[in-house]
Structure formats: C-alpha cells, structure tokens
Amino acid sequence: MSARIIDGKAIAAELRAKIAGEVARLQAAHQLVPGIAVVQVGDNPASSVYVRNKAKAVAEAGMRAFDHTFPENVSEAELLTLIGKLNGDAQVNGILVQLPLPPQIDAQKVIASIEPDKDVDGFHPLNTGRHASGLPGLVPCTPLGCVMLAKTVLPSLSGLEAVVIGRSNIVGKPLVQLLLAEDATVTVAHSKTRDLPSVCRRADLLITAIGRPEMVRGDWIKPGATVIDVGINRVPGEGRESRPAGGAGKYKIVGDVAFAEAEKIAGALTPVPGGVGPMTIACLLLNTLRAACAQNGLEAPQIGG
Ligand code: GUN
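Scoring rules and cut-offs
- Residues numbered from 1 in each chain as written.
- Predicted model: local features only at pLDDT ≥ 70, side-chain atom pairs only at ≥ 80, totals over all residues.
- Heavy atoms only, no water.
- Near = heavy atom within 4 Å.
- Polar contact = N/O pair within 3.5 Å; in protein donor to acceptor, adjacent residues only side chain to side chain.
- Areas by Shrake-Rupley, 256 points an atom, 1.4 Å probe, with all protein chains shown as cover.
- Nonpolar A, V, L, I, M, F, W, Y, C, P; charged D, E, K, R; others polar.
- Buried < 20%, exposed > 50% of the residue type's maximum accessible area, 1.4 Å probe, protein only.
- Helix = DSSP H or I, 4+ residues; strand = E, 2+ residues; numbered from the N terminus.
- Pairing = 2+ DSSP bridges.
- Core = buried A, V, L, I, M, F, W, Y, C linked by side-chain atoms within 4.5 Å.
- Salt bridge = Lys/Arg side-chain N within 4 Å of Asp/Glu carboxyl O.
- Axes fitted to C-alpha atoms, helices over the stretch in contact; angles between N-to-C directions.
- Contact = heavy atoms within 4.5 Å.
- Phe/Tyr/Trp six-rings, centres within 6.5 Å; stacked < 30°, edge-to-face > 60°.
- Lys NZ or Arg CZ within 6 Å of the ring centre and 35° of its normal.

Caption draft 1: Representation of the site of the ligand. Lining the immediate environment of the ligand, one finds Leu96, Val97, Gln98, Leu99, Asp121 and Phe123. Between the ligand and Val97 there is a distance of 2.8 Å, counted from a nitrogen atom to a backbone nitrogen or oxygen. Contacts to the ligand include Leu99, whose backbone N or O atom sits 3.0 Å from a nitrogen atom. Out of a free accessible area of 280 Å², the ligand has 84% covered by protein chains. A per-class count over the shell around the ligand returns 4 nonpolar, 1 polar and 1 charged.

Caption draft 2: Molecular detail of the pairing of strand β2 (residues 35–41). Of all 7 residues in β2, 7 are buried; the element is thus mostly enclosed. The pairing of β2 with strand β3 (residues 64–70) spans 7 bridges and is parallel. Of the residues in β3, the one forming a bridge with Gln40 is Thr69. As paired elements, β2 and strand β4 (residues 94–97) share 4 bridges and run parallel to each other.

Caption draft 3: Examining the nonpolar core more closely. Judged by nonpolar contacts, the single largest core of 52 residues is most densely connected at Ile19, Leu179, Leu205 and Ile228. Broken down by secondary-structure element, the contributors of at least two residues to this core are α1 (8–30), β2, α2 (45–60), α6 (141–153), β5 (161–165), α7 (172–181), β7 (205–208) and α10 (276–295). Among the elements that line this core, the one with the most residues is α10, at 11 residues. By size, the runner-up hydrophobic cluster in this structure holds 18 residues, among which are Ala3, Leu196, Cys200 and Trp220.

Caption draft 4: Quick look at the sheet that holds strand β6 (residues 185–189). Pairing in this open sheet of 6 strands is parallel, and the strands run β1-β11-β8-β7-β5-β6 from one edge to the other. Looking at strand neighbours, the two that pair on one side only are β1 (4–5) and β6, the edges of this open sheet. As judged from the 2 bridges shared by β1 and strand β11 (residues 268–269), these two strands associate in the parallel manner. Counted as the bridge partner of Ile5 is Leu269 from β11.

Caption draft 5: Region of the structure containing the pattern of salt bridges. Under the criterion given, the structure shown has 8 salt bridges. Salt-bridge contacts for Asp204 lead to Lys222; the nearest nitrogen and oxygen are separated by 2.8 Å. Taken as a pair, Asp204 in the loop between α8 (196–200) and β7 and Lys222 in the loop between β7 and β8 (226–229) lie far apart in primary sequence, 18 residues in all. According to the relative accessible area criterion, Asp204 is partly exposed, its value standing at 22%. Residues joined by salt bridges that share partners form a network here, namely Arg16, Lys56 and Glu60.

Caption draft 6: Summary view of the sheet that holds β4. Strand order in the open sheet made by the 3 strands is β3-β2-β4, with parallel pairing throughout. Each edge of the open sheet carries a strand with a single partner, namely β3 and β4. Strand-to-strand, the axes of this sheet are offset by a mean angle of 15°, without reference to chain direction. Packed onto the sheet, α2 meets β2, β3 and β4 and runs at close to 165° relative to β2.

Caption draft 7: Structural context of α6. Within α6, 11 of the 13 residues are buried, which leaves the element mostly enclosed by the surrounding structure. Those residues of α6 that fall on the buried side of the exposure criterion are Cys141, Thr142, Pro143, Leu144, Gly145, Cys146, Val147, Met148, Leu149, Ala150 and Val153.

Caption draft 8: Representation of the packing of aromatic side chains. Using the criterion set out here, one finds 0 aromatic pairs in the structure. The positively charged end of Arg234 is found above the aromatic ring belonging to Tyr251, 4.1 Å away from the centroid.

Caption draft 9: Inspection of the pairing of β8 at higher detail. Every second residue of β8 is oriented toward a common face, with Thr226 and Ile228 on one face and Val227 and Asp229 on the other, all of them buried. Of the pairings in the sheet, the one linking β7 to β8 comprises 4 bridges and is parallel in character. Paired with Ile207 across the two strands is Ile228, which belongs to β8. Judged from the 2 bridges that link them, β8 and β11 form a sheet pairing that is parallel. Counted as the bridge partner of Val227 is Leu269 from β11.

Caption draft 10: Summary view of unusual backbone geometry. Of the consecutive residues Leu99 and Pro100, the connecting peptide bond is found in the cis state with omega at 5°. On the secondary structure map, Pro100 appears in the loop between β4 and α4 (107–113). Note the cis peptide between Val272 and Pro273, where omega equals -5°. Along the chain, the position of Pro273 falls in the loop between β11 and α10. With phi around 70°, Asp183 is a residue other than glycine that occupies positive phi space. Mapped onto the fold, Asp183 is located in the loop between α7 and β6. The phi dihedral of Asp195 falls on the positive side, at around 50°, and the residue is not glycine.

Any functional reading would require information beyond the geometric quantities listed.
Right under this line is the structure:
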C-alpha cells in the first residue's frame, strides 16, 4: 500500500484564502490592515528564500509588509533600536526576526526585546511560558502547521503515541506542548537518544525536525503511521541551480525522511518540498491576523482550529 500524501501546499493555500477573506472583512469593517515587520540580517541564502516567500504570501493575503534588511555586521544595539521602534508602531502588528543571527548578536536578547503581543513567531519567553501553562498566546508557526497537517488525516490525536525527533526551541519543544494539548502520548527523541529506530517504530505519529537528509528510513516507521517531515535539506543532485549560478552546482531539496521508502510503509506522509514549509508561512499569516485582532480589541476569527 502506498501512503496518502498530505498536500501541504494545497492545505496551506486553503488556509491563506480564508485568512485573506478575514483580512478583507477587517479592512471593510474596521479600516484595519494587519501589518508584519520582517527583519533579516545578512544574506544567508536559505533565509533570503524564506523572507521572499513570506513577503509574497503577506501581500497576497492583503496584509502590509515592512521589510528591514541589515548587513551581516550590524550591531546588536542597532537591531534593538529598530525593534523598539517597531514595538511602538501601531501599523506593525507582528514582528519577525529571521534566525539564525550572526554571532555578535545575542538572539535570545533580541527575541526578548519584541513586544510579546507582536511576537508572531511565538519565541518570546512569555509566550513559551504561556504555551507551556496552557494559557492563550502566540504559538510557533512550524509546530502549529505540523499539528494542522496531522489533523487532516487523523480524526483525533488523543491517546496516540507521538514521537518528535528534535528538541529545538523553534520546533521540537513547542510541538510537545501542542501534542500534549491534543492528549497524545509524547516522546521527544534527539541526538543522544539510544536506538532511535526502535523509538520511532513506536510512533503512530512521527514528526521529524533534525536537518539530516533522509536519515529516517522506511523500516523505522510503524506500518500505517502518519509521518510529518519538517526537514528541508539541500543535497547535490539534479534539480535546482544554485544561486548565484555556478555556485555549488545543482542541488535538490529533500526531507529528514527517505521518502521513497517511507511511502511504502506509512499510512500518510508529507512531501518535501510542499509539506510543512507552506504551512509555516500560512500559520505566520494566521498569527499576524490574530495579533492584529487582539491589539485592536477584536475577537480572533475562528479559522485554523
Ligand atoms: N529560521 C528558520 N525557521 C524560522 C522561523 O520559523 N522563524 C524565524 N524567525 N526564523 C527561522
């Protein structure tokens, strides 16, 4: 049996269309246009791709984008000054600082300087604390997208064995809270986990966020399991040309899961690209919409679960 492929691109497009409808309604009823500031430091190629895709999605949703790009050698003080201004700007409802940041900048300090109600990444310690305590607050976009995708194929996560590989602040840790809130039994595996394949084989729902190309093999997967692959890894191969042209030659994008093997065993599986990636951006728009409503004393729209 071949796994059902979870079409993240189509599911994200549907969510973005609903968000665009809400944005149009907010503008008509309240003259409110949600705005997001995206701050990028340097020109890391992966970050530039994300930032370009985000800008396009923001415009398509009818929101405002305020882009701020700094050279690699920008000082922490300059960045903190900009964030102070964005915190006080009523047109800016969401602030996202693209990570990673260069070593002269303390990323935690920068994240903590963002007004928590504008923290559309959900990385501020106040939001992570709220989330861990089951209080309302902004939730990180990638984990939110993963759970939404899982719920398109699983009627309920209650009582399921969920295994997350990866313990990052961006994906693994917030996923634990989201999965617990759905009453799943959660295991977090990481680089020091012993016998990772057998831990994975327990999973009814396996979510991989490791950044290792095709590390998870078909025989690590329980037959019929749902597999959500967060990895976006560049490997040499026929596909896209590196930019600038002639850089590192041709490459393709693969996930953390060996797709061709997993497809034969899993019940449902996200592709890479076209799985979790598009959902992250759609969830960023959703967080920005929710933030704009909260900041203006309006009820959040009932979309996105
Ligand atoms: N870098 C990789 N993923 C993310 C993300 O979700 N948010 C931010 N700000 N930076 C990232």
